[in-house]
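Topology and contacts: notes
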Amino acid sequence: MAMVCDELEIVGCMDVFANNYNSLATDPGFCEYLGCTDASACNYDMDANTDDGTCEYPEEYYDCNGICLNDVDGDGVCDELEIAGCQDPSADNYNSLATDPGSCEYLGCTDASACNYDMDANTDDGSCQLPEEYYDCNGICLNDVDGDGVCDELEIVGCMDSSGGNYNPLATDPVFPVFITDVWT
Ligand SMILES: [Ca+2]
Ligand SMILES: [Ca+2]
Ligand SMILES: [Ca+2]
Ligand SMILES: [Ca+2]
């Protein structure tokens with residue numbers, strides 16, 4: 001190695017791999033190694049001693065490989081980003097953004113005695129249609145002993161003979177003659 005007078009020494013980085021390598025240096029000086037110096041960054045460079053602003057960080061909730069830090073159900077949606085909601089497209093409150101199952105609402109008539117009872121509904125929408133009193137859902141009398149379409153409960157007993165003095169035009173059941181029956185004792 002050539003002798004260099006102290007006055008002529010040049011202090012500089014003598015490592016050719018350093019970013020500030022000085023080929024004229026004759027005395028070792030500070031060497032600068034550029035890179036990301038933040039150990040929490042994805043591209044942390046443990047050999048760097050001077051940060052060059054290139055640090056890259058993972059997205060929140062993800063690691064540097066784009067994998068969730070927390071993903072209990074393993075569906076690739078991080079726990080913190082899960083959206084609970086109804087996932088059945090046929091439900092009335094279907095949420096297409098839901099990533100975790102939530103309660104589903106099915107609107108309809110929930111009264112089992114209604115004509116339009118919907119056994120799949122779990123939320124009543126006020127659409128129940130009850131049959132008229134004395135009738136079934138098809139408008140047929142529940143009780144109609146004489147089969148005239150007038151329900152037993154609505155029959156009106158009265159004289160149906162228009163020539164009779166006590167004729168009742170509203171009567172639907174005739175008045176039967178009263179028989180005096182023998183009393184067996
Ligand atoms: Ca998940
Ligand atoms: Ca999920
Ligand atoms: Ca009748
Ligand atoms: Ca009748």
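On a predicted model such as this, the values are computed, not experimentally measured, just so you know. (Residues numbered from 1 in each chain as written. Chains lettered and ligands numbered in written order. Predicted model: local features only at pLDDT ≥ 70, side-chain atom pairs only at ≥ 80, totals over all residues.)

1. Considering the overall build of the protein
Of the regular secondary structure elements, the protein holds 0 helices and 10 strands. Reading the secondary structure of the protein in the N-to-C direction produces β-β-β-β-β-β-β-β-β-β. A compact globule built from 185 residues would reach a C-alpha radius of gyration of about 16 Å, whereas the protein, at 47 Å, exceeds it by more than 25%. Across its three principal directions, the C-alpha atoms of the protein cover 155 × 40 × 15 Å. (Helix = DSSP H or I, 4+ residues; strand = E, 2+ residues; numbered from the N terminus. Rg over C-alpha atoms; globule rule 2.2 N^0.38 Å.)

2. Description of unusual backbone geometry
Positive phi values are uncommon outside glycine, yet Y61 reaches one of about 80 degrees. Mapped onto the fold, Y61 is located in the loop between β4 (50-51) and β5 (84-85). One non-glycine residue, Y134, lies in positive phi territory at about 80 degrees. Along the chain, the position of Y134 falls in the loop between β8 (123-124) and β9 (157-158). The class of Y134 is partly exposed, set by 14 C-beta atoms lying within 10 Å. (Buried ≥ 20, exposed ≤ 12 C-beta atoms within 10 Å, placed from the backbone.)

3. Quick notes on the domain arrangement of the protein
Its domain assignment divides the protein into domain 1 (1-57) and domain 2 (131-185). In this structure, domain 1 and domain 2 have C-alpha centres spaced 114 Å apart. (Domains from an automatic or database assignment.)

4. Structural notes on the environment of G126
Looking at the secondary structure, you find G126 in the loop between β8 and β9. A count of 6 C-beta atoms within 10 Å places G126 in the exposed class. When the C-alpha atoms of G126 and D111 are compared, they prove to be 9.7 Å apart, with 15 residues separating the residues in sequence.

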